Amino acid sequence: MSALAPAINKNALILMLFAVVCTATVGLVHLMTKDNIELQAQQQLIRQLNQTIDENRHDNEMFRDCIIAPINNDGLKIDVIYRARMNNLAIAAAIKTAAPDGYNGNIELLIAINNDGSVSGVRTLLHKETPGLGDKIELRKSDWITKFAGKKVHDENDNRWAVIKDGGMFDQFTGATITPRAVVKTVRKTVDYFKANQEVIFNTESNCGAKS
Amino acid sequence: MKIDSEYRELAWQGLWKNNPGLVQLLGLCPLLAVTSTVVNALGLGIATMFVLICSNVAVSGVRNWVPKEIRIPIFVLIIAAFVTCVQLLMNAYTYDLYQSLGIFLPLIVTNCAIIGRAEAYASKNPMLQASFDGLMMGLGFLLVLVVLGGIREILGQGTLFDGANLLLGSWATELRVEVYKLDSQFLLAILPPGAFIAMGFLIAGKNVIDNKIAQAKPKQLEQAIERVRVNFES
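Residues numbered from 1 in each chain as written. Chains lettered and ligands numbered in written order. Predicted model: local features only at pLDDT ≥ 70, side-chain atom pairs only at ≥ 80, totals over all residues.

## Comments concerning the overall build of chain A
Counting its regular elements, chain A contains two helices and five strands. Listed by position from the N terminus, the elements making up chain A come as α-β-β-β-β-β-α. Its C-alpha radius of gyration of 24 Å places chain A more than 25% over the 17 Å reference for a compact globule of 212 residues. By principal-axis analysis of the C-alpha atoms, chain A measures approximately 85 × 45 × 30 Å. Out of the 212 residues belonging to chain A, those deemed buried represent 33%. (Helix = DSSP H or I, 4+ residues; strand = E, 2+ residues; numbered from the N terminus. Rg over C-alpha atoms; globule rule 2.2 N^0.38 Å. Buried ≥ 20, exposed ≤ 12 C-beta atoms within 10 Å, placed from the backbone.)

Given below as structure tokens:
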């Protein structure tokens, strides 16, 4: 043992003591806030779901009636599907997915589709598009995202599902065409996916593990 | 009397002479990144101020038990613990603001202003003065954030207090002021380069005022034009 050993021991002990106290404090605050944080996240989810599917149209707790996407087809990044039911009859489904080809990475979307295949509502959950240009897909910046409500895909060759610049029916933004193009494309694909898998989507047992 | 002048000096240092945002230029990363609106600036400013006060008090409280050799890791531990707590609390009680401030909350840990004050002031002074120093330094930082946020928000989207409800609850939606109508946002002001430019003008403005003051009092000229950089000892 060198002469330094006592000093090293003492410092190590003090450091350890501080580490323990600090970690304990953080742990305590975590325990205190844990439930509230979970509640906040849940309420946020409910708010988002209610924005896309009117809450009077269903009587089930949508955020608990959900499935992990059973089949992922052509490039769709479907995450979770929430089902809306009224008296146990399927009304609509809200699909959480992402447009992979935004200007700056994924654009996370919540796309709600009615049982008849028409769009009930779309909301942007998360994106990294350019502020001031591409961020008009947010509801608080522009009402563009609400224009999807009520739209239908008529058939495979329905070429209205594009931005106006490409001959479609949705506005593009000045200086940003890639962003709306990506959103329109994903909404359309999701509608197609929904129509093709409607049975599976509504009949699969709820399995997304939301705590009751 | 002596105590009184000490507090006055601390306030003067924090708010103006040695302002962490304008003079020490510490914590530039969050300063430039989140000041696109007043509300974001206010949120991060308050969070930083809170951490600064808490960490100053804690560091000052333990200053007699901390050996010099390991003081830095201990300061970092204390600061990191407070930041994590603030983050958890904001997540629990101001969820929307927490989401819009995003990654910049944990970045408070790396805000050099905080460890700078811990090392330069709190570790050598009693708790009361240290907490006051934290308050003043935090307030100085907060003011710079808010002014910068105000300039960028007015130039960028023509509003003030947009999204105040995220911070203060739904009643605050009415606080939103539309200064003028913009068809499309002025991008430069919103993106980081705009923050750099606005920041440059703020610093230049401060220097102009300092020079004016110095000219008004020619006798104290030498003291007044002394450029105060990262002046921890004062």
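## With respect to unusual backbone geometry
All names here are of chain A. Backbone geometry places Asn87, a non-glycine residue, at a positive phi of 50°. For Asn87, the position within the fold is in the loop between strand S2 (80–86) and strand S3 (89–102). Owing to 8 C-beta atoms within 10 Å, Asn87 belongs among the exposed residues under this scheme. Of note, the phi angle at Asn88 is positive, near 65°, even though the residue is not glycine. Tracing the backbone shows Asn88 in the loop between S2 and S3.

## Some words on the nonpolar core
Residue and element names in this part refer to chain B. In this structure, Ala47, Val51, Ile78, Phe82, Val86, Leu145 and Leu148 are the most contacted members of the largest nonpolar core, which totals 60 residues. The biggest single contributor to this core is helix H3 (residues 38–61), with 14 residues. Residue contacts for Leu145: discarding those within four places in its chain leaves Gly21, Leu31, Thr35, Ala41, Leu44 and Gly45. (Core = buried A, V, L, I, M, F, W, Y, C linked by C-beta atoms within 7 Å. Contact = placed C-beta atoms within 7 Å.)

## Regarding the pairing of S3 of chain A
Residue and element names in this part refer to chain A. Across the 14 residues of S3, 10 count as buried, placing the element largely inside the fold. Pairing geometry for S2 and S3, over seven bridges, is antiparallel. From the neighbouring strand, Tyr82 faces S3, where its bridge partner is Ala94. Connecting the antiparallel pair S2 and S3 is a turn made up of two residues, with Asn87 showing a positive phi of about 50°. Across nine bridges, the pairing between S3 and strand S4 (residues 105–114) is antiparallel. Across the sheet, residue Ala99 finds its bridge partner in S4, namely Ile107. (Pairing = 2+ DSSP bridges.)

## A closer look at the environment of Phe148 of chain A
All names here are of chain A. Turning to its location among the elements, Phe148 is positioned in the loop between strand S5 (119–126) and helix H2 (178–203). Overall, the presence of 25 C-beta atoms within 10 Å leaves Phe148 in the buried class. Along the sequence, Phe148 and Ser118 sit 30 residues apart, while their C-alpha atoms lie 9.1 Å from each other. When residues no more than four places from it in sequence are discounted, the contact partners of Phe148 are Val119, Gly121, Val122 and Val187.

## Thoughts on the interface of chain B and chain A
Counting residues at the interface gives 20 residues for chain B and 18 residues for chain A. Contributing elements (two or more residues each) for the side of chain B that touches chain A: helix H4 (71–93) and helix H9 (187–190) of chain B. Per-element tally for the side of chain B that touches chain A: the top contributor is H4 of chain B, with 11 residues. The class makeup of the residues in the side of chain B that touches chain A is 15 nonpolar, four polar and one charged. (Nonpolar A, V, L, I, M, F, W, Y, C, P; charged D, E, K, R; others polar.)

## Quick word on the pairing of S4 of chain A
All names here are of chain A. Among the 10 residues in S4, seven count as buried, and that is most of the element. Linking S3 back to S4 in an antiparallel pair, the connection comprises two residues. Relative to S5, S4 runs antiparallel, the two sharing six bridges. Bridging from a neighbouring strand, Glu108 pairs with Leu126 of S5. Taken together, S4 and the strand that follows it, S5, pair antiparallel across an intervening segment of four residues, in which Gly117 is found at a positive phi of about 90°.

## Here's the deal with the sheet that holds S3 of chain A
Hydrogen bonds along the backbone pair up the strands of a sheet, which may run parallel or antiparallel. Residue and element names in this part refer to chain A. Pairing in this open sheet of five strands is antiparallel, and the strands run S1-S2-S3-S4-S5 from one edge to the other. With partners counted over all chains shown, the strands left at the sheet margins are strand S1 (66–68) and S5, one partner each. For this sheet, the mean inter-axis angle between neighbouring strands, taken without regard to orientation, is 25°. Across the sheet, helix H1 (residues 5–52) is in contact with S2, S3, S4 and S5; its angle to S5 comes to roughly 145°. Against the sheet, H2 engages S2, S3, S4 and S5, with an angle of about 145° to S3. (Axes fitted to C-alpha atoms, helices over the stretch in contact; angles between N-to-C directions.)

## Some details on the packing of H4 of chain B against helix H6 (residues 112–120) of chain B
Residues and elements named next belong to chain B. As a packed pair, H4 and H6 sit with axes 10 Å apart at the nearest point and diverge in direction by 130°. Overall, the two elements H4 and H6 adopt an arrangement that is oblique. For H4 against H6, the interelement crossing comes out right-handed. Contact residues: Phe75, Val76 and Ile79 in H4; Ile114, Ile115, Ala118 and Glu119 in H6. Here the residues of the contact of H4 with H6 are counted per class, giving six nonpolar, no polar and one charged. (Parallel < 35°, antiparallel > 145°, perpendicular 65-115°, else oblique. Left-handed = near helix turned anticlockwise from the far one by under 90°.)

## Considerations on the confidence of the model for chain A
In low-pLDDT regions, the fine details of the predicted coordinates are not to be read closely. On average, residues of chain A score 86 in pLDDT, and 95% of them are at 70 or above. The spread of mean pLDDT over the elements of chain A runs between S1 of chain A, the lowest at 86, and S4 of chain A, the highest at 92. (pLDDT = per-residue confidence, 0-100.)

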